Amino acid sequence: MEIGLKVLAEKAKQVLDTVHLNNKVRYRSVCFMSQDISVTEGLKNSFYIELSTYERWLAPSQGGAPAYGTTRSTFEKLVISNTAKGLLIYRPEDWITNWPKVDQAAFWSFISMLHGQREIVLITSMNPRSDIKRYMNEFAIEDTGVSYWLSNKERK
């Protein structure tokens, strides 16, 4: 289903507003997923402007992002120690693909349980059957072919 990137960006922003502006939501990580790279690129470009107060990790070793090959433990410490209002991570698979399977699962568990003032936004083209399904629930952005994932801890 084809949709304009402007409309998609507006719908994705509505999702962020719903999660990040709701004081009752404890776990604030949001992961947007699409198998279409042009869609993820479009979201990245839109969020780059929209989330100007966030630190942006768009590629390994660029703009303060961890290097390729960074361990899960180090990556998580860098996320926690980040002092920006929020953190935008584009294509987390660039970092986690070569981690052992158990570390990949632990990463999604870590992301799903982050809470407090820090807002994390991820944009990925990973397979939706990845380990994310264990720790986060999938929701469709209507008429876009894009899904977003929120911690499954909110509903427990």
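Structure shown above.
This structure is a prediction, so every number in the text was calculated from the model and none was measured.

Colleague: Got a minute to help me understand the sheet that holds strand β2 (residues 55-57) in this structure?
Modeller: Hydrogen bonds along the backbone pair up the strands of a sheet, which may run parallel or antiparallel. Strand order across the open sheet formed by six strands is β2-β3-β4-β1-β6-β5, with mixed pairing between neighbours. The open sheet has two free edges, formed respectively by β2 and β5 (136-141), since each of these has just one partner strand. If you compare each strand with its neighbour and ignore which way they point, the axes differ by 20° on average. Relative to strand β3 (residues 86-90), β2 runs parallel, the two sharing three bridges.

Colleague: Even after reading the chapter, I still don't get helix α2 (residues 37-50), so can you show me in this structure?
Modeller: Because each turn of an α-helix spans 3.6 residues, side chains separated by three or four positions in sequence point in the same direction. Relative to the 20 Å expected for 14 residues at 1.5 Å per residue, α2 spans 20 Å between its end C-alpha atoms, a close match to the ideal helical length. Listing the buried residues of α2 in full gives V39, T40, G42, L43, K44 and F47. In this fold, the buried residues of α2 make contact with α1 (5-20), β1 (30-33), β3, β4 (119-124) and β6 (146-151).

Colleague: Before we go on, may I ask you to explain the pattern of salt bridges in this structure?
Modeller: Side chains that differ in charge, positive against negative, can pair when their charged atoms come close. All chains considered together, the criterion is met by 11 salt bridges. Note that K13 and D17 form a salt bridge whose closest N and O atoms lie 2.4 Å from each other. With K13 and D17 both in helix α1, this residue pair falls four residues apart, about one helical turn. Where D94 meets R91, a salt bridge forms, and the shortest distance between an N and an O atom there is 3.3 Å. Judged by relative accessible area, which is 22%, R91 ranks as partly exposed. One connected set of salt bridges, linked through shared partners, spans K13, D17 and E50.

Criteria and thresholds
Residues numbered from 1 in each chain as written. Predicted model: local features only at pLDDT ≥ 70, side-chain atom pairs only at ≥ 80, totals over all residues. Heavy atoms only, no water. Pairing = 2+ DSSP bridges. Helix = DSSP H or I, 4+ residues; strand = E, 2+ residues; numbered from the N terminus. Axes fitted to C-alpha atoms, helices over the stretch in contact; angles between N-to-C directions. Expected span 1.5 Å × (residues − 1). Buried < 20%, exposed > 50% of the residue type's maximum accessible area, 1.4 Å probe, protein only. Contact = heavy atoms within 4.5 Å. Salt bridge = Lys/Arg side-chain N within 4 Å of Asp/Glu carboxyl O.

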